[in-house]
Amino acid sequence: MLRKLIVIQLFALFLTGCADKSVNNTTRDLDKIELSDVHIKDDFWDARIDNNYRVSFINMLNRYEEMGSRPNPKLMEAGAYILHLNPDTALQKLLDENFERLIEYYIPGGRVREWHRMLNGDLYGAGHFLEAAVAYYQATGREDILDAAKKVADNIHSEFGPGARQEISQHEEVKIGLLRLYEITRDDDYLEAAKFFLDERGHSHNGRELYGKYAQDHKPVIEQDEAVGHTVRASYLYTPLAHLATLTGDEQYIKASDRLWENAVHKKTYLVGHVGAYRDHESFGENYELPNLNCWNETCAAIGNVFWNYRMFELHRESKYIDMMEIILYNAVLPAVSIDGTEYFYQNPLKSQGGFERHTWYGPNCCPPNIARLIASLGKYIYARDEDEVYINLFVGSNLETGINDKTVKITQETSYPLDGTVKIMIDSPGKTEFSMNIRIPGWTGAGPMPGDLYSYLDDEPSVKEILLNGRPAEYTLHMGYAVIDRIWQPGDEIELNFEMPVRKVLSHEKAEENNGMIALQSGPLVYCAEGIDNDNNIFNLVISEDAELEIFENGSPDGTNQIKGWVKTLSRANGSKGIAENDHLLTAIPYYTWANRGPGEMTVWFASGKAKVVLLPVPSIASKSTVSSSCGTGSREDNYPGGNVPAIAKRFYPSSQAGDIGFEALYDQVEPVNSFDGSWTYLRLRPQTGNQAWVQYDFDKEYEISSSGVYWKDDKQYCSMPESWNLEYKKGNTWQPVEVISGYTVERDKFNTIEFKPVNTTALRMNISLGGKDYEKGELGPPDGNYLPENTTWYECGIIEWLVK
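Calculation notes
Residue numbers run consecutively from 1 along every chain, following the written order of its sequence. Local features in a predicted model are, by the rule used here, given only for residues with pLDDT of at least 70; side-chain atom pairs are given and counted only at 80 or more, and totals for whole chains, interfaces and linings are based on all residues. Heavy atoms from the whole structure form the basis of all side-chain values; hydrogens and water molecules are not counted. Comment: elements are numbered from the N terminus, with helices defined as DSSP H or I runs of at least four residues and strands as E runs of at least two. We call two residues in contact whenever any of their non-hydrogen atoms come within 4.5 Å of each other. Each residue carries a pLDDT score, the predictor's confidence in it, ranging from 0 to 100. Paired strands are those between which DSSP finds at least two bridges. Throughout, an axis means a line fitted to C-alpha atoms (over the contacting stretch in the case of helices), and angles, computed between N-to-C directions, take values from 0 to 180 degrees. Each residue is assigned to one of three classes by its accessible area relative to the maximum for its type, calculated with a 1.4 Å probe on protein chains only: buried under 20%, partly exposed between the two thresholds, exposed over 50%. Two N or O atoms count as a polar contact when they lie within 3.5 Å, although within protein this holds only if one can serve as hydrogen donor and the other as acceptor, and sequence-adjacent residues are included solely when both atoms are side-chain atoms. One fewer than the residue count of a helix, multiplied by 1.5 Å, yields its expected span.

Let's talk about the environment of Gly610
By the secondary structure assignment, Gly610 is in the loop between strand S23 (607-608) and strand S24 (627-630). Residues Gly610 and Glu496, 114 residues apart in the sequence, show an inter-C-alpha distance of 41 Å. Excluding anything up to four places from it in sequence, Gly610 contacts Gly517 and Val543.

Below you can see the structure in the form of structure tokens.
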């Protein structure tokens, strides 16, 4: 006990010292604006918030009840936020019962459960329970719920730490829960526990085996400088890192937060705000590795990034973090739920060839409740307050009532944002009140869509911005991305913002190779896409030139909001023709968050800006006129699934994952790959049901003399890897004979592996392949749908992007 008291006293002194050294308030919590202080009344958000409550939330409650499983803490947290703004005795009674069941799970028989499962399990769930309990206490004032959370947190603090169990959970959520509890109790034990779980990451003080990059456990957090590993785990680590940086003022935390944020945003984030290049381990890719078709972009990672960016704003009070939060909110979170609130995305590609759709439920049911809690708590992110400063962060029709200088000030927003850039902000108070109004100038009004140089606008002229105060140009200073109006406010004062929202053409950094020669479209904070249903069911042959004139038109998108329209070019080739025809086409583009609400179909965010990136029918060739077969079937999901048995969607860990593998047509489509990884186009996957041998075969339409063949191997850096070797045989009569090779076989990435051989006359050519294997242990997440493997497995798989014959 004495040791504990000394530790707490020293820690308190440390915090006090840091506070004394604070610069620009960067090491102190913002004054909290409670959810009940903000009331949303907004043309864009009202229906979504109502759907979230009356459709999504209720459906999820019913589903958990039908499954007979314990309540989901994230869903209970969503319920707390809903109850906060919608007092309802029936809803509260239902939530009371569910919270009592949760408490019984974490404190069975009045004693906190033992902590055994250190991977995804016990502490991960406990962190979410702490968050939910805090939210419910704030909504209802139920002290017993808060006491239960404190009892769990007290036990965690006593069980883990120096002199106790020096273990950490693989999933990082527990720190977020502990810090949420600290925010309202100011009990240093919870801060100390969160700090232990953060600082112990990357160390092995008890001899434990590190979890590695997958769980950001490859080196101490304060030494990390690159966003790596599982993206949800990463965001659930970086969020409390930034929060602890704010609370403690620790320079090492601050610098690590800044390094990791800059790497993630400047080199690893999609235009829509998503992160996660690989489906294997749902992880970040390398710098600038941003495939559009087979990207993973899990919904929970987007939600975690909202939390992370808000904590970064609290740390630095700079608008660029809210800019990122806004991008993610509109373009990464909203697309994950259907307009009617009944279906969800787990993976979120920026390109689809059709067949990709949302589902009502699936194996990892983490995302739907996560969406529900974020939308229900939107009011927490619109405003912020710091003593006598008010921040307008998000432009959402709403009103805020908050105390400033002993007066209750009411701030009201009226706007049609994000579809229109006009915002009115009205101030009302009992009398004159002096404070600073900090109004975010959105980053998209500048020379690029988001911080850094990963993306830029083709026309780098900033959009027109106008700020009026009581009808006249306002006097303000620019600070940290905010227009700061510091004055004595009077009842009836009105600010009007006018941000022009033209259609902006977006380019990628040249190192993001898959987007070279491509253009994306944005207006205001919204990224747009095209669906086949609006564009003659062919969008990959469209060309949007740099000078194409595109305009915003009101209404017409699936949710009744804006469209982009304009004349562009479409290129085509008649079947059997080598010539290319060019025609005019009236492009229709819709907000990306609305795609896939009219059934599965083609979709793209990035468009060809010239002929080089247009996808056409292949020029007639020996390969394109052949009949194709293989030892692994047609490349369908059933053919690649062990035993051909595909579980139902609700049982798959990666439901209907889109990896870019399609049928035999990929072999001869004549689309030039960027490299072997190329995650923006297609390939043929070959996975033998047994063994490590596979073959694929062309049966020609007639006999040809051939003397050359080239294969471009797929390497997705995950399951589909380079083969060990290959060879060719040709059909001679009814037997297969090896070709007489002039130049040797090669297995090299990022190029055609071409061989020359003595000319043969034949009607068929077969490629025999020896595959390399990847070992998985029982219980690991493995292919093909990320399910936990029931036994030790060696997985053999390879892919072919293109196979040429001459």
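After that view, the rundown keeps rolling.
Here's the deal with unusual backbone geometry
Each neighbour pair has its own omega, and for Tyr417 with Pro418 the value is 10 degrees, a cis peptide bond. Within the element layout of this structure, Pro418 appears in the loop between strand S6 (407-415) and strand S7 (422-428). You will see that Asp536, though not glycine, has its phi angle at about 55 degrees, which is positive. Following the sequence through the fold, Asp536 ends up in the loop between strand S17 (526-531) and strand S18 (542-543).

Some details on the confidence of the model for the protein chain
Confidence in the prediction for the protein chain averages 93 pLDDT; 96% of positions are at 70 or higher. Low confidence marks residues 1-27, where pLDDT is under 50. Its contacts with residues over four positions away, or in another chain, come to 29 contacts.

Digging into the sheet that holds strand S11 (residues 472-473)
Strand order in the open sheet formed by seven strands is S1-S5-S6-S7-S14-S10-S11, with antiparallel pairing between adjacent strands. In the strand order of this sheet, the two ends are held by strand S1 (38-40) and S11, each with one partner. In this structure, S6 lies alongside S7, joined through six bridges in antiparallel fashion. Looking across to S7, one finds that Ile411 is bridged to Ile427.

Details of the sheet that holds strand S8 (residues 433-440)
Read across the open sheet, the five strands follow the order S3-S4-S8-S13-S12; overall the sheet is mixed. Whereas interior strands pair on both sides, the edge strands pair on one side only; in this sheet they are strand S3 (383-386) and strand S12 (477-479). Strand-to-strand twist of the sheet, defined as the mean angle between neighbouring strand axes without regard to direction, takes the value 30 degrees. Note that S3 and strand S4 (residues 389-392) share four bridges and pair antiparallel. Bridging from a neighbouring strand, Ala384 pairs with Tyr391 of S4. Packing against the sheet, helix H12 (residues 319-333) makes contact with S8 and strand S13 (482-489), and its axis sits at approximately 55 degrees to S8.

Focus: the pairing of S8
Of all eight residues in S8, seven are buried; the element is thus mostly enclosed. Examined bridge by bridge, S8 and S13 share eight bridges and lie antiparallel to one another. The residue of S13 that forms the bridge with Ser436 is Asp486.

Brief notes about the side chain of Asn541
With respect to the helices and strands, the residue Asn541 is situated in the loop between S17 and S18. We classify Asn541 as buried; its relative accessible area is 5%. A polar atom in the side chain of Asn541 sits 2.8 Å from the backbone oxygen of Leu571. Discounting residues that sit within four places of it in the chain, Asn541 has contacts with Lys569, Thr570, Leu571, Val614, Val615 and Leu616.

Points about helix H9 (residues 231-248)
Over its 18 residues, H9 extends 25 Å from the first C-alpha to the last, a length consistent with the 26 Å expected when each residue adds 1.5 Å. Immediately downstream of H9, the backbone of Gly249 shows phi near 70 degrees, a positive value.

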